[in-house]
Amino acid sequence: MPGHGYERLRSEVVERKICTFCGACVSACLLRHLEWAGEPLRRERKAACEDCSLCYDACYVPKRQEEEGLLEEEVFGRRRRTDEEPLGIFRRILAARSKDEKILENAQDGGVVSTVLKYLFEQKSIDGAIVVGKCEEADEIWRPFPRVAKNFDDVIASARTKFGISPNLMLIRDAVLDEYLEKICVVGLPCHTRALRHMQHIKFELAPAISFTIGLFCRENYEYLSLRKYIEGVLGEGSLAEVRKFSVKEDAMLVHFSDSESDGEKTLSIPITEVKKWVPRHCLLCSDFTNELADISVGCDGSPDGFSTVIVRTELGERIFSAIEAEGLLETKPADIAAVREIAERKREKAKQTAKIYDLRSAGLSAEEIATRLGIELKTVLHRLEKY
């Protein structure tokens, strides 16, 4: 369907509910006819759209399987070996913590991402970073939205994990053409990194401006509005503004609040069975936990409290991270690789299982028949089918 890029994007990706909301398609549109309205949207068909398929071409989702090994070859010069499953190709794995007090005061865990960005800015290796920021409205402060950080203060203002969709890549065109940035670091989830590598693969016109990628570990994302509704239902309207940070454990999501009365912290524990209801559909089909195509990947699993697990992957990632270590900016220690591997294996198997459930449902099988066919519990099938 040449010349029907947006129509294909809608019918093959958005309407099939497999869009990962990365924002790449918005940046791909030369004339900025696409906007973000909770999903990519073109309000009216323009004459320029007649012979254009750029927005569809920029979407990695329809090409995901055919590009799987190809993108690895382009990023690493080879495909992964069997023994590198399910973590992907890497040079080393370690636990690290920043030695910068300001970073640690604002860090989710070990402050590694902020430390790397600070170093890159100071070395003039980058002139901007696309990150997930916080909303400026007090009652929406934890709603994620992409922003361009142009200095260390911007980085600190965007620190800590936010849950919800953030179409980070929609800002590439703005960063290059409006902010005049030439050396950009993209910080994002596996879906952002995979989309970015696809854009580099198809030689997206602005891809040369991306100079580094920091990938975040991701078990799964959660719908912001559901999270907000739950917290305000328990603690009252406006309570989200008092949240200091979120963290996810095996059995619960912990919402950390500053307690002014005791000059300490109080915590709301949300059962993981409740949190699982807020997982977006595309996350159930994602098999990448450790952000396998990034230059370096960072997460908390596999490290002691207050540290971050770092997976150094590319030659560029090694060069930059080694320089940061040489500067004495980080405290490091061994990470629990087995723990990271176990979570990665679980996510991969869950994605395969979910795909089978959806295929069988499309073939007309009932939930009971699917459970019997796959040999899994009915409640597991019903949970996945809630997002079918």
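Everything discussed here concerns the structure shown above.
This is a predicted model, so every value here is computed, not measured. (Residues numbered from 1 in each chain as written. Predicted model: local features only at pLDDT ≥ 70, side-chain atom pairs only at ≥ 80, totals over all residues. Heavy atoms only, no water.)

A.B. asks: Please explain a nonpolar patch on the surface as it appears in this structure.
C.D. replies: A cluster of nonpolar side chains, Leu30, Leu31 and Leu54, forms an exposed patch at the surface whose accessible area comes to about 280 Å². Mapped onto the elements, Leu54 comes out in helix α3 (residues 54-57). (Patch = residues over 30% accessible without salt bridge, like charges linked within 9 Å, V, L, I, M, F, W, Y side chains within 5 Å. Areas by Shrake-Rupley, 256 points an atom, 1.4 Å probe, with all protein chains shown as cover. Salt bridge = Lys/Arg side-chain N within 4 Å of Asp/Glu carboxyl O. Helix = DSSP H or I, 4+ residues; strand = E, 2+ residues; numbered from the N terminus.)

A.B. asks: Can you walk me through the sheet that holds strand β7 (residues 210-216) in this structure?
C.D. replies: Hydrogen bonding along the main chain pairs the strands of a sheet, whether they run parallel or antiparallel. Spatially, the eight strands line up as an open sheet ordered β5-β4-β6-β7-β11-β12-β3-β13, and their pairing is mixed. Where the open sheet ends on each side, the last strands, each with one partner, are β5 (144-149) and β13 (330-333). Sheet twist, expressed as the average angle between the axes of neighbouring strands with direction ignored, equals 30°. Packing of helix α13 (residues 315-326) onto the sheet brings it into contact with β3 (92-98), β7, β11 (296-299), β12 (308-312) and β13, and relative to β3 it is tilted by some 40°. (Pairing = 2+ DSSP bridges. Axes fitted to C-alpha atoms, helices over the stretch in contact; angles between N-to-C directions. Contact = heavy atoms within 4.5 Å.)

A.B. asks: Would you take a moment to explain helix α9 (residues 190-201) for this structure?
C.D. replies: Side chains that are three or four residues apart share a direction in an α-helix, a result of its 3.6 residues per turn. Helix length check: α9, at 12 residues, gives a terminal C-alpha distance of 16 Å against a target of 16 Å (1.5 Å per residue), a fit within 8%. Burial in α9 covers these residues: Pro190, Cys191, His192, Thr193, Arg194, Ala195, Leu196, Arg197, His198 and Met199. On its buried face, α9 sits against α2 (24-28), α3, α4 (64-76), α8 (172-178), β6 (184-188) and β7. At the C-terminal side of α9, Lys203 shows a positive phi close to 60°. (Expected span 1.5 Å × (residues − 1). Buried < 20%, exposed > 50% of the residue type's maximum accessible area, 1.4 Å probe, protein only.)

A.B. asks: When you look at the packing of helix α15 (residues 367-374) against helix α16 (residues 378-385) in this model, what are you seeing that I'm missing?
C.D. replies: A pair of packed helices is captured by two measures, namely the crossing angle of their axes and the spacing between those axes. Interhelical geometry of α15 versus α16 gives an angle of 120° and a closest axis separation of 9 Å. Here α15 lies oblique to α16, going by the angle between them. In this structure, α15 meets α16 at a crossing whose hand is right-handed. Between α15, through Ala367, Glu368, Ile370 and Ala371, and α16, the contact on the second element is made entirely by Leu378, Val381, Leu382 and Leu385. Of the residues in the contact of α15 with α16, the class split is seven nonpolar, no polar and one charged. (Parallel < 35°, antiparallel > 145°, perpendicular 65-115°, else oblique. Left-handed = near helix turned anticlockwise from the far one by under 90°. Nonpolar A, V, L, I, M, F, W, Y, C, P; charged D, E, K, R; others polar.)

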